[in-house]
Amino acid sequence: MAEGGGGARRRAPALLEAARARYESLHISDDVFGESGPDSGGNPFYSTSAASRSSSAASSDEEREPPGPSGAAPPPPRALDAQEPEEDEAGAGWSAALRDRPPPRFEDTGGPTRKMPPSASAVDFFQLFVPDNVLKNMVVQTNMYAKKFQERFGSDGAWVEVTLTEMKAFLGYMISTSISHCESVLSIWSGGFYSNRSLALVMSQARFEKILKYFHVVAFRSSQTTHGLYKVQPFLDSLQNSFDAAFRPSQTQVLHEPLIDEDPVFIATCTERELRKRKKRKFSLWVRQCSSTGFIIQIYVHLKEGGGPDGLDALKNKPQLHSMVARSLCRNAAGKNYIIFTGPSITSLTLFEEFEKQGIYCCGLLSVRKSDCTGLPLSMLTNPATPPARGQYQIKMKGNMSLICWYNKGHFRFLTNAYSPVQQGVIIKRKSGEIPCPLAVEAFAAHLSYICRYDDKYSKYFISHKPNKTWQQVFWFAISIAINNAYILYKMSDAYHVKRYSRAQFGERLVRELLGLEDASPTH
């Protein structure tokens, strides 16, 4: 028994790193762009951890080669002959002649669309996205499902139809797991570390378990429904409409997969039996996110078990899947001159040209291994035999599209039609001062950095409850995103200047208000 426990403890560091690998692979710290040394440990576009190399995060096209026998230096990357003709590239429209171009005009004023009063509570902000009419529908659907379930499998004498007040309390209990980071919401009624007597008195554990057993957003499939997420899709549509109505994004936005892994500290303390019980998610969740505020504008869920040529299994790690995801996330962005930042799995010339025709501009990191490089000049995708000096770069242009190859302890390539190739930027380093770069590189690093900070701050507040049913997993992830968005609006409102709650305090306050304990104040 002790041996098994020791094995779990030995695995804990690896589990902890795996849980954070996705964040680390995107992380931009003060040591940005490989300032730390030859191992590129501080590189924002890839991590030195093995787990992160398989992630869809950005990466350098030429990561470190493993040393040869006896520590021999790796062979230099293949270079194109300097005299190689470029007729093919010229014929495709690519040219080294650069021209200035103005940035896309953007005159909209981003931010909340509704001015909330200074007295607005946490639940007021939450109900901008999950109002009472949505909760009442959950009450109706849950009661319908309970009735049909009992008609089929036998009467449940302990069941009483759920009310709106109970449904709010039920949500409050689930949300509380995002603050305490306990996997089992039933810990509230236990006598252990995560017990909470003040919350436990609102509803009995037996009543909570009954509501949990029958909880539904859509009780039954209609004859016209074929979507695998039919039990949660109406809620996702309602949530999307609420996001659109409550907030106008800034011009710059990011497409990415948010960090929704379980709390790493919790995973590191899991027993081996608990880890075996945990099942891999059957869906992929992507978002379009405002890079200046962190507000998630749009959610897209793709089932891994989806069949057909557009199923995730058929398209996994292929450009078709990521292009489809990008189109879905940007379907409401046409004609607004937004600038969308993308990672290498989405970046492609074909997609960017398609978006430009719709009034959507892009700036994406390009990877020879992960990106669709169709239509790009080969000379820009191959590294020279002799690495250039730090900060040097080469640019070729086709129409409004610029392909940038920038060197900083590794070759980084960017594709953009949002920034002028002749405009200069800098990466400011503590050790080496300013490193010159095109403006697109500076903009990409700055906006990706914001999303990394968002992941670091808000990802730990995702609801910890992990049901077996896929639609319920999606539902609780969506609720978590709604709460994070509610907090972002709260911080932009007058209410924040009255009572400056942290994210944890805001969550505690929301839980207590949903449970009818408004007089309780958050702990400090």
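All figures in this text were calculated on a predicted structure; none of them were measured in a lab.

Participant: In this structure, what is going on with the pairing of strand β7 (residues 360-366)? I would like to understand it.
Facilitator: Residues in a regular strand project their side chains so that they alternate between the two faces of the sheet. The element β7 is largely enclosed, with a buried count of seven among its seven residues. Where burial is concerned, the two faces of β7 agree: the one with Ile360, Cys362, Gly364 and Leu366 and the one with Tyr361, Cys363 and Leu365 are both buried. Relative to β7, strand β6 (residues 338-342) runs parallel, the two being bridged by five bridges. Bridge pairing links Ile340 to Cys362 in β7. In this region the chain leaves β6, passes through helix α13 (residues 349-357) and returns to the parallel neighbour β7; the handedness of that crossover is right-handed.

Participant: Would you take a moment to explain the packing of aromatic side chains for this structure?
Facilitator: To describe a pair of aromatic rings, you give the distance between the ring centres and the angle between the ring planes. Scanning the entire structure with this criterion turns up 33 aromatic pairs. Look at Phe247 and Phe295: their rings are 4.2 Å apart centre to centre, the planes differ by 15 degrees, and that puts the pair in the stacked class. Taken as a pair, Phe247 in strand β2 (residues 247-248) and Phe295 in the loop between β4 (283-290) and β5 (296-303) lie far apart in primary sequence, 48 residues in all. Here Phe247 and Phe295 have matching classes, each one buried. Among the aromatic residues, those joined into a ring-pair cluster are Phe170, Tyr173, Trp189, Phe208, Phe215, Phe235, Trp471, Phe475 and Trp476. Over the ring of Trp159 we find Arg207, and its NZ or CZ is 5.0 Å from the ring centre.

Participant: I keep staring at the nonpolar core and nothing clicks. Help me out?
Facilitator: Across soluble globular proteins, nonpolar side chains show a tendency to be buried alongside one another. Ranked by size, the top nonpolar core spans 84 residues in total, and within it Phe125, Phe129, Phe235, Phe475 and Ile479 carry the most contacts. Considering every element that reaches this core, the biggest residue donor is helix α15 (residues 470-491), with 15 residues. Apart from the residues within four sequence positions on either side, Phe129 is in contact with Leu239, Ser242, Phe243, Ala246, Phe295, Ala482, Asn485, Ala486 and Leu489. Counting residues in hydrophobic clusters, the runner-up holds 29 residues, among them Cys330, Ile360, Leu403 and Cys405.

Participant: Help me out: how do you make sense of the confidence of the model for the protein in this one?
Facilitator: Reading predicted coordinates in detail is not appropriate for stretches of low pLDDT. Per-residue pLDDT for the protein has a mean of 78; in total, 73% of the residues score no lower than 70. Across the protein, helix α3 (residues 122-126) holds the top mean pLDDT of 96, while helix α1 (residues 2-26) sits lowest at 43. Confidence drops under pLDDT 50 across residues 8-85; counting only partners more than four residues distant or on other chains, this segment forms 159 contacts. Contacts for the low-pLDDT stretch residues 520-524, under 50 throughout, to residues beyond four places or in other chains number 10 contacts.

Participant: Just to check I follow, could you spell out the side chain of Ser402 for this structure?
Facilitator: Following the sequence through the fold, Ser402 ends up in strand β9 (residues 401-407). Ser402 gets classed as buried once you look at its relative accessible area, which sits at 0%. When sequence neighbours within four positions are dropped, the list of residues in contact with Ser402 reads Ile395, Lys396, Met397, Phe414, Leu415, Thr416, Tyr419 and Pro421.

Participant: In this structure, what is going on with the pattern of salt bridges? I would like to understand it.
Facilitator: Where charged atoms from two side chains of opposite charge approach closely, those side chains can pair. This model, assessed by the stated rule, comprises 10 salt bridges. The residue Asp494 makes a salt bridge to Lys115 at a minimum N-O spacing of 2.7 Å. With Asp494 in the loop between α15 and α16 (495-498) and Lys115 in the loop between β1 (111-112) and α3, this pair connects stretches of sequence that are 379 residues apart. For Asp494, a relative accessible area of 30% translates into the label partly exposed. For Lys115, a relative accessible area of 66% gives the class exposed. Across the pair Asp156 and Lys210 runs a salt bridge, and its minimum N-O distance is 2.8 Å. One end of the pair, Asp156, is in the loop between α4 (132-153) and α5 (164-180); the other, Lys210, is in helix α7 (residues 205-214), and 54 residues separate them in sequence. For Lys210, a relative accessible area of 22% corresponds to the partly exposed category.

Reading the values: the criteria
- All residue numbers refer to position in the chain's written sequence, counted from 1.
- Only residues with pLDDT of at least 70 are given local features in this predicted model, and only at 80 or more are side-chain atom pairs given and counted; all residues enter the totals for whole chains, interfaces and linings.
- Based on all heavy atoms of the structure, the side-chain values leave hydrogens and waters out of the count.
- Each residue is placed in one exposure class: buried if its accessible area under a 1.4 Å probe, protein chains only, is under 20% of its type's maximum, exposed if it is over 50%, and partly exposed if it falls in between.
- Here a strand is any run of E in DSSP of at least two residues, a helix any run of H or I of at least four, and the numbering for each starts at the N terminus.
- Pairing between two strands is assigned when DSSP locates at least 2 bridges connecting them.
- If you view a crossover with the strands going away from you and the path from the first strand over the helix to the second runs clockwise, you call it right-handed.
- Aromatic contacts are taken between Phe, Tyr and Trp rings whose centres are within 6.5 Å, Trp giving its six-membered ring; a plane angle under 30 degrees counts as stacked, one over 60 as edge-to-face, and the others as tilted.
- Note on criteria: charge over ring means Lys NZ or Arg CZ within 6 Å of the ring centre, with the direction from the centre no more than 35 degrees off the ring normal.
- By nonpolar core we mean a set of buried residues, namely Ala, Val, Leu, Ile, Met, Phe, Trp, Tyr and Cys, connected to one another through side-chain atoms within 4.5 Å.
- Here a residue-residue contact requires only that any non-hydrogen atoms of the pair lie within 4.5 Å.
- Per residue, pLDDT captures the predictor's confidence, and it can take any value from 0 to 100.
- By definition here, a salt bridge exists when the distance from a side-chain nitrogen of Lys or Arg to a carboxyl oxygen of Asp or Glu is within 4 Å.

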